[in-house]
Amino acid sequence: MANYRLINFKTLGDERGSLIAIEQGYNTPFEIKRVYYIFETKAEVERGFHAHINLKQMAIAVKGSCTFVLDNGKKREEIKLTNPNQGLFIQGLIWREMKDFSTDCVLIVLASEHYNEGDYIRNYDEFLKEVENAKK
Ligand code: T46
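Residues numbered from 1 in each chain as written. Predicted model: local features only at pLDDT ≥ 70, side-chain atom pairs only at ≥ 80, totals over all residues. Heavy atoms only, no water.

Student: Which residues make up the sheet that holds strand 11 (residues 106–111), and what are the values?
Tutor: Strand-to-strand pairing in sheets goes through backbone hydrogen bonds, with the strands running parallel or antiparallel. Strand order across the open sheet formed by five strands is 1-9-6-11-4, with antiparallel pairing between neighbours. The two strands at the open ends of the sheet, each matched to only one other strand, are strand 1 (4–8) and strand 4 (34–39). In this sheet, neighbouring strand axes are inclined to one another by 25° on average, regardless of whether the strands run parallel or antiparallel. Two strands pair when backbone bridges link them, and strand 1 and strand 9 (residues 86–90) are joined in this way by five bridges, in the antiparallel orientation. Looking across to strand 9, one finds that Leu-6 is bridged to Leu-88. (Pairing = 2+ DSSP bridges. Helix = DSSP H or I, 4+ residues; strand = E, 2+ residues; numbered from the N terminus. Axes fitted to C-alpha atoms, helices over the stretch in contact; angles between N-to-C directions.)

Student: Describe the site of the ligand, with residues and values.
Tutor: In the neighbourhood of the ligand, 13 residues make up the surrounding shell, with Arg-34, Arg-47, His-52, Gln-57 and Tyr-120 lying closest. The separation between an oxygen atom of the ligand and a polar side-chain atom of Arg-47 is 2.6 Å. Arg-96 places a side-chain nitrogen or oxygen 3.4 Å from an oxygen atom of the ligand. In isolation the ligand offers 650 Å² of accessible surface; the protein chains occlude 68% of this area. Its residues placed into classes, the shell around the ligand shows five nonpolar, four polar and four charged. (Near = heavy atom within 4 Å. Polar contact = N/O pair within 3.5 Å; in protein donor to acceptor, adjacent residues only side chain to side chain. Areas by Shrake-Rupley, 256 points an atom, 1.4 Å probe, with all protein chains shown as cover. Nonpolar A, V, L, I, M, F, W, Y, C, P; charged D, E, K, R; others polar.)

Student: Give a description of the state of the cysteines that names residues and reports values.
Tutor: Put plainly, a disulfide is one covalent bond tying together the sulfur atoms of two cysteines. Taken as a whole, this structure holds zero disulfides when the rule is applied. Unpaired in this structure, Cys-66 has its nearest cysteine sulfur neighbour in Cys-105, at a distance of 4.3 Å. Residue classification places Cys-66 among the buried positions, given a relative accessible area of 0%. A residue is classified by how much of its surface remains accessible, and Cys-105, at 2% relative accessible area, is buried. (Disulfide = S-S within 2.5 Å. Buried < 20%, exposed > 50% of the residue type's maximum accessible area, 1.4 Å probe, protein only.)

Below you can see the structure in the form of structure tokens.
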């Protein structure tokens with residue numbers, strides 16, 4: 001399975017507006033143990049610059065937009081989140097950076113595990129070593 005992909009959510013709407021439901025096991029492929037959100041990000045700020053060992057996450061720009069840079073140790077790809085009907089699912093060894101936050105951006109992230117600093121790889125060279133080790 002790919003280590004990251006965009007998931008399209010069904011928008012339920014009527015004359016009052018729109019509604020999207022995220023349901024564990026239905027449109028989110030993991031058990032949700034934690035939710036956090038990033039907002040009021042200052043202009044020009046870049047965040048992330050780490051990978052995770054075990055964590056699975058789904059990031060949704062419920063308002064505004066931002067760009068994820070995703071790096072599997074071999075190639076880097078940019079994915080811009082602009083719409084609350086799309087979630088970016090990330091699992092496995094993926095280095096991530098986030099940038100180009102619009103001033104109104106609210107980025108909600110659903111996570112498969114409780115917060116654990118021990119799950120972070122915050123050094124890029126260490127990340128590359130982990131990618132090589134995972135191939136053995
Ligand atoms: C990720 C990207 C997309 C907590 O105490 N609990 C939490 O659940 C989180 C997520 C963070 N923190 C603390 C740790 C730091 O002192 O909040 C501070 C900021 O976290 P960090 O610098 O890791 O934030 P980002 O935006 O660089 O990364 C976050 C997530 O940490 C990370 O898992 O994949 O968003």
